[in-house]
Amino acid sequence: MPAVSHQIALKRSNGSACWWLLAPLERQDLLAYVLLFPSLLFLGVFVGYPFLFGVWLSLSNKLVGHEGSFVGLANFLANWESSIFRQTVRNTLLYTVIATILRLVFGMALALLMNCHFRLKNIARAALLLPWIVPTALSTLAWIWIFDDRYGIVNWLIVHWGIAKRGPIWLGDPTLAMMAIIAVNVWRGIPFFGITILAALQSVPEELYEAAAIDGADRLRRFRHVTLPSIMPVVVIVLLLNVIWTFSDFQVVHVLTRGGPANSTHVFSTLAYQVGMGAGRIGVGASIALSMFPVLAVVVLVVLIRMGRRD
Amino acid sequence: MIDRGSRLTRVLTFHVPLWGFVLLTLFPFYWMLVTSLKPDRELYNVAMNPILLREPTLKHYRLLFEDTPFVRWTVNTMVVAVVSTGISLVCAVGAGYALARLRFRGASIIGLIIFTTYLIPHTLIFLPLAQVVHMLGLANSLWALILTYPTFLIPFCAWLLMGYFKTIPLELEECAMIDGASRLRAMWSIVLPLALPGVLSAGIFAFTLSWNEFIYALVFLSSPETKTIPIGVVSELIKGDVFYWGSLMAGALLGSVPVAIFYSFLVEHYVGGLTAGAVKG
């Protein structure tokens with residue numbers, strides 16, 4: 001009896017006028033739906049609906065200021081006929097594969113270095129994260145000036161060290177411009193790989209190394225048979241996330257080359273921007289952006305399956 | 001002899017690559033600083049070593065502050081980042097709590113939907129989203145960003161907070177409820193305070209993510225005075241083929257400094273959040 005009266009007393013104590021309004025929220029499911037509603041509203045209005053609307057746009061001939069009408073797959077077929085679009089597909093794949101591999105290699109090296117004890121470690125870590133923290137568009141601006149053919153540091157070093165009489169016009173040549181884009185992307189992406197792999201390295205139990213050492217495994221063997229298998233799940237997830245981010249990247253290419261020279265360095269997103277916003281051909285632009293969907297869908301699915309398996 | 005040899009090996013295999021990484025990482029920022037302080041006659045002097053700075057000048061900064069709406073861009077960026085982070089945290093605390101601690105029908109599918117939206121890149125939907133923003137009458141207003149940024153902030157924060165909520169023992173809440181506290185009360189005064197470090201991490205993340213966002217701001221805003229720093233610097237200081245290099249680098253540096261300072265105070269939380277988000281998932 002005393003317990004019950006105690007409970008009643010407590011309930012009365014927070015019993016204001018809106019108590020009746022809040023009472024249904026004591027039911028778990030109702031409370032959950034109320035708590036989730038704002039998030040789902042945002043995602044529905046600004047992600048779900050735009051996605052479906054984008055599918056419709058890609059199947060239409062909508063221009064800025066005009067109503068579009070349904071044209072079926074005409075945009076996709078026309079894209080495939082266009083040499084710029086084909087170049088864009090090649091660029092995006094090249095960009096994604098090379099940049100992701102380089103990010104992984106350098107990120108892994110960085111993580112292994114950072115896993116040692118040394119002085120000034122905190123300062124080094126803070127400094128190494130900077131490219132990942134600051135706005136990409138702004139750091140990419142500095143890279144344009146680094147690559148500048150007349151006043152940039154790269155060409156100054158080339159001349160100064162006697163490698164060549166004149167440095168190349170980095171952003172004016174399709175191949176070199178693509179290399180520059182990849183370099184900037186890798187520079188920006190190394191910290192994320194480094195820090196996440198470092199966290200994985202530090203969570204490998206010390207006993208595993210001790211056991212391996214007792215069994216007479218040398219450093220290389222310990223790395224192959226203890227370290228790698230332990231950090232693999234993290235590496236794979238980080239790798240997949242980076243594939244998604246690089247494949248759909250916009251900023252580095254937009255700021256560094258705007259897809260130039262002569263549309264030779266476009267990736268899907270910058271071409272979609274140029275066609276959809278620049279030329280106002282929204283239907284075609286949407287179809288270019290949506291061309292990313294198949295690859296993204298597969299990678300996202302793999303991420304979801306792997307994350308699901310770990311839970 | 002052996003000692004000296006092994007020290008040399010350590011320098012070559014450890015210190016050289018490590019500090020090489022640091023040098024490469026920091027060089028672009030040094031380059032921004034040096035360029036922003038150089039008078040034009042040094043900037044455009046082929047004979048001079050470009051790393052050096054002889055007669056520093058604040059001329060480029062003056063141009064940035066007097067002839068461009070840079071201050072306005074900073075205020076805009078700040079307002080958008082703070083408000084959208086606030087909205088996102090409120091939503092994400094609710095969503096994270098519900099997904100981590102409540103049992104209801106559709107929990108796993110809703111969790112899956114929220115996680116999947118985190119993986120959807122902006123560039124996939126920016127064109128239709130621009131149309132939606134236009135239809136809602138938000139084009140060219142900061143509201144366009146304040147209301148669309150939560151779409152990528154909420155999934156990330158909710159995901160991160162879910163992890164934090166799961167680490168808080170259920171018994172704590174149950175005890176409070178046995179003592180007569182309502183579920184809302186238990187959530188507010190028991191679970192939430194314990195999850196505050198997580199909320200802080202999520203907040204830092206959300207702030208830097210919205211500070212750095214580029215394509216939505218580029219597409220939704222067109223008049224110079226509504227722009228954010230990254231868009232303003234890139235679009236207003238490059239006129240056709242003319243680059244105002246000194247002021248560009250001044251703007252790039254000043255636009256990077258606030259996030260860098262913000263995060264350097266909270267680097268432990270930041271790394272904690274980064275790894276919690278990316279590793280523990």
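This structure is a prediction, so every number in the text was calculated from the model and none was measured. (Residues numbered from 1 in each chain as written. Chains lettered and ligands numbered in written order. Predicted model: local features only at pLDDT ≥ 70, side-chain atom pairs only at ≥ 80, totals over all residues.)

> So, the overall build of chain B: which residues are in play, and what are the values?
The number of helices and strands found in chain B is 15 helices and two strands. Each principal axis of the C-alpha atoms in chain B carries an extent, and together these give about 80 × 70 × 30 Å. Each of the 281 residues in chain B was classed as buried or not, and the buried ones make up 45%. Of the contacts made within chain B by residues no fewer than 6 positions apart, 78% connect residues no fewer than 24 positions apart. (Helix = DSSP H or I, 4+ residues; strand = E, 2+ residues; numbered from the N terminus. Buried ≥ 20, exposed ≤ 12 C-beta atoms within 10 Å, placed from the backbone. Contact = placed C-beta atoms within 7 Å.)

> Describe in detail the overall build of chain A, supporting the description with residues and values.
Within chain A, the secondary structure is distributed over 15 helices and zero strands. Rg of the C-alpha trace for chain A: 27 Å, well past the compact-globule value of 19 Å for 311 residues, more than 25% over. With respect to the principal axes defined by its C-alpha atoms, chain A has extents near 95 × 70 × 35 Å. The proportion of buried residues among the 311 residues of chain A is 41%. Expressed as a percentage of contacts within chain A between residues at least 6 apart in sequence, the contacts between residues at least 24 apart total 67%. (Rg over C-alpha atoms; globule rule 2.2 N^0.38 Å.)

> Mind laying out the interface of chain A and chain B, listing which residues take part and the relevant values?
Counting residues at the interface gives 81 residues for chain A and 80 residues for chain B. In terms of residue count, the dominant contributor to the side of chain A that touches chain B is helix H3 (residues 28-58) of chain A (19 residues). Of the residues belonging to the side of chain A that touches chain B, the class tally is 62 nonpolar, 14 polar and five charged. (Nonpolar A, V, L, I, M, F, W, Y, C, P; charged D, E, K, R; others polar.)

> Give me helix H6 (residues 121-133) of chain A: which residues, what numbers.
With 13 residues, H6 of chain A extends 18 Å between its outermost C-alpha atoms, agreeing within 8% with the 18 Å of an ideal straight helix rising 1.5 Å per residue. Among all positions in H6 of chain A, only Leu128, Leu129, Leu130, Pro131, Trp132 and Ile133 of chain A are buried. (Expected span 1.5 Å × (residues − 1).)

> Before we move on, can you summarise the domain arrangement of chain B with the specific residues and values?
Many descriptions give the size of an interface as the accessible area lost when the pieces come together. Residues and elements named next belong to chain B. If you check the domain split of chain B, you get domain 1 (2-57) and domain 2 (62-280). Put simply, the middle of domain 1 and the middle of domain 2, counted by C-alpha atoms, are 34 Å apart. Residue-level contacts link seven residues of domain 1 with six residues of domain 2. For the side of domain 1 that touches domain 2, the secondary-structure elements that each account for two or more residues are helix H1 (2-37) and helix H2 (40-43). The leading source of residues in the side of domain 1 that touches domain 2 is H1, at four residues. (Domains from an automatic or database assignment.)

> Which residues make up the confidence of the model for chain A, and what values do they have?
Taken residue by residue, chain A gives an average pLDDT of 89. The fraction at 70 or more is 93%. A low-confidence stretch, residues 1-15 of chain A stays under pLDDT 50, and its non-local contacts, those more than four residues away or across chains, total six contacts. (pLDDT = per-residue confidence, 0-100.)

> Quick rundown of the nonpolar core? Include the residues and the values.
Of all hydrophobic cores here, the largest spans 157 residues; its most connected members are Ile181 and Leu256 of chain A together with Ala92, Ala95, Cys157, Ala158 and Leu161 of chain B. For this core, the leading source of residues is helix H9 (residues 174-202) of chain A, giving 16 residues. For this core, the two domains that each supply at least three residues are domain 1 (2-57) and domain 2 (62-280) of chain B. Apart from the residues lying within four places of it in its own chain, the contact partners of Leu161 of chain B are Ala92, Val93, Gly96, Ala195, Gly198, Val199 and Ala202 of chain B. (Core = buried A, V, L, I, M, F, W, Y, C linked by C-beta atoms within 7 Å.)

> Talk me through the packing of helix H8 (residues 150-167) of chain B against helix H11 (residues 196-212) of chain B; I want residue IDs and the actual numbers.
Residues and elements named next belong to chain B. At a closest axis distance of 9 Å, the pairing of H8 and H11 adopts a crossing angle of 160 degrees. With respect to their mutual orientation, H8 and H11 come out roughly antiparallel. The way H8 lies across H11 gives a crossing that is right-handed. The segment H8 lies against H11, with Phe152, Leu153, Phe156, Cys157, Leu160, Leu161 and Tyr164 engaging Gly198, Val199, Ser201, Ala202, Phe205, Ala206, Leu209 and Ser210. A breakdown of the residues in the contact of H8 with H11 according to their chemical character gives twelve nonpolar, three polar and no charged. (Axes fitted to C-alpha atoms, helices over the stretch in contact; angles between N-to-C directions. Parallel < 35°, antiparallel > 145°, perpendicular 65-115°, else oblique. Left-handed = near helix turned anticlockwise from the far one by under 90°.)

> Provide a residue-level description of the confidence of the model for chain B, including the pertinent values.
Looking at chain B as a whole, the pLDDT averages 88, with 93% of positions reaching at least 70. Interface confidence for the predicted complex, given as ipTM, is 0.90, next to a pTM of 0.90.

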